[in-house]
Each structure stands twice: as C-alpha cells, then as structure tokens.
Amino acid sequence: MKIIFCDSVIDNKIVEPDYQSEFDSAKENGFETHVFSFEELMDGNITTALKFIKNSDTKEFGIYRGWMMTPNVYQQFYNGLLKKNIQLINNPTEFKHCHYLPNSYDKIAGETPKSNWTKDLSETKIIELTNEFGEKPIIVKDFVKSEKHNWNDACFIPNASDKTKVGKIVDRFLELRGEYLNEGIVFREFEELEFLTDHSKSGMPLTKEFRIVFLNKNVVQIYNYWDEGNYDSEKPDIDFFKNIAKNIESNFFTMDVAKKKNGGWIIMELGDGQVAGLPDNANRNEYYEQIKKGVQQWL
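What counts, and at which threshold
Residues numbered from 1 in each chain as written. Predicted model: local features only at pLDDT ≥ 70, side-chain atom pairs only at ≥ 80, totals over all residues. Heavy atoms only, no water. Pairing = 2+ DSSP bridges. Helix = DSSP H or I, 4+ residues; strand = E, 2+ residues; numbered from the N terminus. Axes fitted to C-alpha atoms, helices over the stretch in contact; angles between N-to-C directions. Contact = heavy atoms within 4.5 Å. Core = buried A, V, L, I, M, F, W, Y, C linked by side-chain atoms within 4.5 Å. Buried < 20%, exposed > 50% of the residue type's maximum accessible area, 1.4 Å probe, protein only. Left-handed = near helix turned anticlockwise from the far one by under 90°. Nonpolar A, V, L, I, M, F, W, Y, C, P; charged D, E, K, R; others polar. Phe/Tyr/Trp six-rings, centres within 6.5 Å; stacked < 30°, edge-to-face > 60°. Lys NZ or Arg CZ within 6 Å of the ring centre and 35° of its normal.

- The protein chain is annotated in an unreviewed UniProt entry as ATP-grasp domain-containing protein of Aquimarina litoralis.

Right, here's the structure in full:
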C-alpha cells in the first residue's frame with residue numbers, strides 16, 4: 001500500500017508542509033510514500049503531475065492524502081495512477097459517493113438533517129426548495145462545503161419562509177464560494193446540537209461533534225471534531241453508526257456525527273477519507289498504525 005501526498009509548491013520533491021507530520025508517520029509505520037504535483041494535476045497536466053511516481057511492476061493499492069479535488073479531477077488522477085499500476089483505494093464513483101452530499105444522502109436519510117439541493121440557482125428554484133422547510137431554520141452549503149465561519153452572513157437562515165433573508169444569505173454564500181462552488185447549493189434543516197463554545201476567531205457556535213474514520217467498514221479512529229470546548233469523556237454510540245456504515249459505497253470514508261441538544265445523535269455528513277482532514281488533536285502516528293492494521297485486514 002502506497003500513501004500519496006501533495007508536494008510543496010516551493011519544492012516539488014518534498015511533501016506539502018501541512019502534511020509533513022502525516023508523511024513522517026506513514027513512513028514510520030512502514031508505508032511507501034510518494035509526492036505528486038497538485039498544481040499540475042489541477043492544470044490538467046497529469047503526466048507532469050505524476051512524474052516522481054514510478055511505475056509499479058505489479059498491481060499495488062494506494063491511498064491519497066491531500067487537498068480536496070473535484071470528482072472530474074479525481075477521475076484523471078485515478079486513471080493516471082492506474083497507468084502506473086497503482087489503484088487508489090476508492091474508485092471515482094466511490095470518491096464521489098461520499099464527497100458530494102446528494103450522492104450518499106439516501107444512505108443516511110432519517111439519521112441526518114432533512115436536505116434538498118439543486119444546480120439551478122434561479123430565484124424560483126431557491127424559493128421552491130426553501131418552501132419545503134416551512135418556517136424552520138436552515139443552513140445553506142454547496143455539495144461539499146459551507147461558509148460556516150461566516151455563520152450569520154452566508155450560512156444560517158433563521159426562518160426558511162423569510163425569502164428576503166434567504167436571498168441575502170444565498171447571494172452572500174455564492175459570492176464567497178465564487179469559482180470554488182461545488183456543483184450547486186444544498187439546503188439543510190438546522191438541528192439544535194449540544195453547545196460547546198463559540199469559535200475563538202469566527203464566533204461560530206461550536207457543538208459536540210466527532211469525526212469517525214472508516215476503512216473497509218471498520219472504525220479506524222474517533223476524533224473530537226473541534227479543538228476548542230469541553231468534550232469531557234463522552235463518545236458516540238459506535239455500534240449504531242457502524243451498522244449505517246455497512247451501506248456506504250466506499251472503502252475509506254469519514255462520518256461526522258453530532259449530539260443533539262435533546263440527547264440523541266445525528267449524522268452531519270460523510271466525506272472521502274483521502275481528502276478529509278485530521279483535527280489538530282489527532283495523533284498522526286496512532287492514525288497510521290490503525291490504517292496499517294485496517295489495510296492488512298482489507299488486503
């Protein structure tokens with residue numbers, strides 16, 4: 001199993017500094033590590049992007065760890081590595097399944113906030129979708145990301161029936177996402193979650209959330225999602241979420257879960273495990289120790 005990282009924009013023979021600790025931990029745990037040019041990949045120059053990754057004599061599996069990319073770019077990345085006899089752990093369909101909320105929504109519906117979505121950004125369509133929520137509070141995001149650190153200006157809508165407010169928040173959201181908008185917009189019913197604290201920089205309310213990492217449907221690690229606030233020793237009911245994970249069409253993914261204000265648990269979203277970040281509180285060495293064990297069971 002190879003672990004493939006983004007390179008540094010300053011020196012394309014070394015790893016991106018934000019992933020240095022992961023790179024070191026992967027090597028310490030016996031993984032073969034490689035770097036590639038994310039910039040060249042984004043520019044469509046797949047051969048140049050992968051020039052420092054040698055062809056494998058026999059078929060090998062790989063895990064990518066790095067920045068998010070669109071499913072179309074991932075398809076090029078995946079195919080380019082296949083030509084070198086390296087198969088990434090998730091194929092393009094599996095990547096998209098967890099990367100785009102609409103693609104996996106049916107697998108978690110009933111255990112995640114009610115959601116609807118569109119690629120049609122017209123006022124008529126936005127009104128139609130927000131009408132489904134009545135007067136309930138909602139949030140807006142794209143198929144992957146929100147502007148949660150601009151909570152009051154570009155994310156949270158207190159009343160879905162207030163179309164003036166809806167328009168203002170959506171417009172600001174689209175302005176901030178700009179060319180980085182992923183596919184379209186998603187509206188989600190706002191859930192009252194157990195409060196932790198206000199974010200020290202953005203002022204966004206932080207709630208008791210956890211990131212569960214799954215490899216081959218088995219739990220690799222469970223992390224506190226936020227590095228701020230008092231989590232105490234509470235953890236989610238892992239058996240419940242493991243049962244849901246059995247139906248997720250991915251070999252390596254994350255499941256972000258949160259505790260409701262009333263004491264229940266809810267799934268916030270899924271993510272492809274290759275592009276999901278680790279919280280600052282995560283022990284990188286333990287993470288790759290568990291990845292190694294999971295890979296040995298999987299292969």
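Once you've had a look at it, read on.
With respect to the sheet that holds strand 1 (residues 2-6)
Each strand in a sheet pairs with its neighbour through backbone hydrogen bonds, running either in the same direction (parallel) or in the opposite one (antiparallel).
Next, step 1: Read from one edge to the other, the open sheet built from 4 strands follows the order 2-1-3-4, with strand pairing classed as parallel. Two strands close off the open sheet at either side, each with one partner strand: strand 2 (32-36) and strand 4 (86-88). Adjacent strand axes in the sheet meet at a mean angle of 35 degrees when their direction is disregarded.
Next, step 2: Across 5 bridges, strand 1 lies against strand 2 in parallel orientation. Bridge assignment links Ile4 to a residue of strand 2, and that residue is His34.
Next, step 3: Packed on one face of the sheet, helix 4 (residues 71-82) meets strand 1, strand 2, strand 3 (60-65) and strand 4 and runs near 150 degrees to strand 4.
Next, step 4: Together, strand 1 and strand 3 form the strand contacts of helix 11 (residues 284-298), whose direction differs from that of strand 3 by roughly 150 degrees.

Some thoughts on the nonpolar core
Next, step 1: Counting 30 residues, the largest nonpolar core has Phe241, Met255, Val257 and Ile267 as its most contacted members.
Next, step 2: Contributions of two or more residues to this core are made by helix 6 (101-108), strand 11 (209-215), helix 10 (238-245), strand 13 (252-259) and strand 14 (265-272).
Next, step 3: When neighbours within four sequence positions are excluded, Phe241 is seen to be in contact with Ile212, Phe214, Pro236, Met255, Val257, Trp265, Ile266 and Ile267.
Next, step 4: In this structure, Leu278, Ala282, Ile291 and Val295 belong to the second largest nonpolar core, which totals 22 residues.

Concerning the packing of helix 7 (residues 123-131) against helix 9 (residues 163-177)
Next, step 1: With their axes 11 Å apart at the nearest point, helix 7 and helix 9 run at an angle of 120 degrees to one another. For helix 7 against helix 9, the interelement crossing comes out right-handed. Listed contacts from helix 9 to Ile126, Ile127, Thr130 and Asn131 of helix 7 are Lys163, Val166 and Val170.
Next, step 2: Each residue belonging to the contact of helix 7 with helix 9 can be placed in one class, and the counts come to 4 nonpolar, 2 polar and 1 charged.

Some details on the packing of aromatic side chains
Next, step 1: Under the criterion given, the structure shown has 21 aromatic pairs.
Next, step 2: Each ring, one from Phe214 and one from Phe253, has its centre 5.0 Å from the other, and the planes form 15 degrees; the classification is stacked. Of the two residues, Phe214 is situated in strand 11 and Phe253 in strand 13; the sequence distance between them amounts to 39 residues. In this pair, the class of Phe214 matches that of Phe253, namely buried.
Next, step 3: Here the aromatic cluster, defined as three or more aromatic residues joined through ring pairs, consists of Phe36, Tyr64, Tyr74, Phe77, Tyr78 and Phe95.
Next, step 4: A cation over a ring is seen here: Lys114 above Phe133, with NZ or CZ 5.1 Å from the ring centre.

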